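If you want the building blocks of each chain, they are given just below.
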Amino acid sequence: MKYKILGIIMAVFSLFIGCKNDNLSVATAANFAPFEYIDGGEFKGIDIEIAKIIADELKLNLVINDMEFDSVVQSVVSKNSNIAMSGLAINDTRKQVIDFSDTYFNAAQMILVRENDKRFFDVNKLDSTNLVKKINSIKNLKIGVQAGTTGEFYAKGDKDWGFDGFKKAEILSFTNGAMAVTAMLNNQVDIVIIDEMPAKVLQKSNKGTKIIDIALTNESYAIGVSKDNKELLENINKILSSIKEDGRLEKIISKYYE
Ligand code: ARG
């Protein structure tokens, strides 16, 4: 009897330990449709679907750690999460603290404006250099960005791109893109700089907004992994290459294009 109880305790204990080690925890900021967002109480999006495949292939339970975007990289550094999947662009500053997997998506920063803002009526014909010039020529411009993102770095000036930033403009940082767009519609900022696909989603759900369809940057999304987990990094790269080869990645991405 004594041994039976001991056995049960041991079994429960090992189950507990086992569960703990069998997770793949993913740091993300689920406010970035179509890459990660919450819909009907569920995590959805391109990154979430890729994360599910990775967890399945590695026979791990997927755990989503939802947080503000500017904590995502740190969560991997401090090992509170195994990986970061958050529409996370490769950049040199981040590379100093985490490893990046191979890339799975090409992205660009774009500009959202108010539809009725006359200053931006004819800009769609410009190239990116002239668009930047045009923006620099506007007095007292306020630019909304998401805190901790490459869009913010770009707007403030970033040596990764050799871009000085919009020096004369005032840059206001928001927790997420939706808040920045609301601020724009309330005339608290004039333009919003954010990644292309999220810009398109935000444009659709916010009447009175318009996208300037000109890429300001050239970025690649990848998965962030702790610097001392090369085995996981390698496994992730293998899975990424297999979903690229067999068309699964393309299928996931195209599901979110309307
Ligand atoms: N691609 C940009 C970056 O890497 C923005 C990502 C924002 N992601 C999010 N889930 N809110 O900085």
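Provided above is the structure to which this section pertains.
These remarks concern the structure in this document. Position numbers for residues start from 1 in each chain and track the written sequence from start to end. In view of the model being predicted, local features appear only for residues whose pLDDT reaches at least 70, and side-chain atom pairs are presented and counted only at 80 or more, with totals across whole chains, interfaces and linings using the full set of residues. Note that water and hydrogens are dropped before the side-chain values are worked out from all heavy atoms of the structure.

A look at the side chain of Ser226
For step 1, the next point in the chain: Labels follow the DSSP assignment, with helices taken as runs of H or I lasting at least four residues and strands as runs of E lasting at least two, numbered in each case from the N terminus. Looking at the element boundaries, Ser226 is found in strand S13 (residues 219–226).
For step 2, the next point in the chain: By relative accessible area, Ser226 is classed as buried at 9%.
For step 3, the next point in the chain: What qualifies as a polar contact is a pair of N or O atoms within 3.5 Å, subject to a donor-acceptor requirement within protein and to the restriction that residues adjacent in sequence count only when both atoms come from side chains. A distance of 3.0 Å separates a polar atom in the side chain of Ser226 from a polar atom in the side chain of Asp228. Exposed residues in this analysis have more than 50% of their type's maximum accessible area, buried residues have under 20%, and partly exposed residues fall in between, with area computed by a 1.4 Å probe over protein chains only.

As for the packing of helix H2 (residues 46–57) against helix H9 (residues 230–245)
For step 1, the next point in the chain: Lines fitted to C-alpha atoms define the axes here, with helix axes fitted over just the stretch in contact, and angles between the N-to-C directions of these axes take values from 0 to 180 degrees. Packing of H2 against H9 brings their axes to within 10 Å, and their N-to-C directions diverge by 120°. Accordingly, the angle class assigned to the pair H2 and H9 is oblique. When the axes of H2 and H9 are compared, the crossing they make is right-handed. On H9, the residues touching Ile50, Ile53, Ile54 and Glu57 of H2 are Ile236, Ile239, Leu240 and Ile243.
For step 2, the next point in the chain: Taken together, the residues of the contact of H2 with H9 break down into seven nonpolar, no polar and one charged. Angles are sorted into four bins: roughly parallel if under 35 degrees, roughly antiparallel if over 145, roughly perpendicular if 65 to 115, and oblique for all others. It is the rotation of the near helix from the far one that decides the hand of a crossing: anticlockwise by less than a right angle makes it left-handed, clockwise makes it right-handed. Any two residues having at least one pair of non-hydrogen atoms within 4.5 Å are treated as being in contact. Each residue is assigned to one of three groups, with Ala, Val, Leu, Ile, Met, Phe, Trp, Tyr, Cys and Pro labelled nonpolar, Asp, Glu, Lys and Arg labelled charged, and all others, Gly among them, labelled polar.

Remarks on the nonpolar core
For step 1, the next point in the chain: Side-chain atoms within 4.5 Å link the members of a nonpolar core, which is a set of buried Ala, Val, Leu, Ile, Met, Phe, Trp, Tyr and Cys residues. In this structure, Ile50, Ile83, Tyr104, Leu112 and Ile223 are the most contacted members of the largest nonpolar core, which totals 46 residues.
For step 2, the next point in the chain: No other element matches H2, which puts seven residues into this core.
For step 3, the next point in the chain: Once you skip the residues sitting within four places of it in the chain, Tyr104 turns out to touch Asp47, Ile50, Met85, Gly87, Tyr221, Ala222, Ile223, Leu240, Lys244, Leu249 and Ile253.
For step 4, the next point in the chain: The next biggest cluster of nonpolar side chains, apart from the first, holds 21 residues, and it includes Val132, Ala155, Phe163 and Ala169.

Comments concerning helix H10 (residues 248–255)
For step 1, the next point in the chain: Residues of H10 that are buried include every one of Leu249, Ile252 and Ile253, and no others. Buried positions in H10, seen along its axis, are confined to an arc of 95° and lie on one side of it. The exposed set on the far side of H10, more than 90 degrees from its buried face, consists of Glu250, Lys251 and Lys255.
For step 2, the next point in the chain: As for H10, its buried residues are in contact with H2, strand S7 (98–107) and H9. The arc in question is the one traced by the directions running from the helix axis out to the C-beta atoms.

What to know about the pattern of salt bridges
For step 1, the next point in the chain: The term salt bridge refers to a pairing of a side-chain nitrogen on Lys or Arg with a carboxyl oxygen on Asp or Glu at a separation within 4 Å. Within the structure shown, the criterion is met by 14 salt bridges.
For step 2, the next point in the chain: Lys156 serves as the salt-bridge partner of Glu152, at 3.4 Å between the closest nitrogen and oxygen. Linking Glu152 with Lys156, this pair stays in helix H6 (residues 150–156), spanning four residues, or about one helical turn.
For step 3, the next point in the chain: Of the residues examined, Lys156 reaches a relative accessible area of 47% and is grouped as partly exposed.
For step 4, the next point in the chain: Through salt bridges that share partners, Arg114, Asp117, Arg119 and Asp190 make up one connected network.

Considerations on the packing of aromatic side chains
For step 1, the next point in the chain: Only the six-membered ring of Trp is used, alongside the rings of Phe and Tyr, when aromatic pairs are assigned; centres must lie within 6.5 Å, and planes under 30 degrees apart are stacked while those over 60 apart are edge-to-face, with the rest tilted. Overall, the coordinates contain seven aromatic pairs when judged by the stated rule.
For step 2, the next point in the chain: Here Phe105 and Tyr221 contribute two aromatic rings whose centre-to-centre distance is 5.5 Å and whose plane-to-plane angle is 25°, an arrangement assigned as stacked. Note that Phe105 is positioned in strand S7 and Tyr221 in strand S13, a separation of 116 residues in sequence. This pair shows no difference in class: Phe105 is buried, exactly as Tyr221 is.
For step 3, the next point in the chain: Here Tyr154 and Phe166 contribute two aromatic rings whose centre-to-centre distance is 5.8 Å and whose plane-to-plane angle is 75°, an arrangement assigned as edge-to-face. Taken together, the residues Tyr154 in helix H6 and Phe166 in the loop between H6 and strand S10 (170–174) connect sequence positions 12 residues apart. Considered together, Tyr154 and Phe166 belong to a single accessibility category, that of buried residues.
For step 4, the next point in the chain: Among the aromatic side chains, those forming a connected cluster through ring pairs are Phe32, Phe35, Phe105 and Tyr221.

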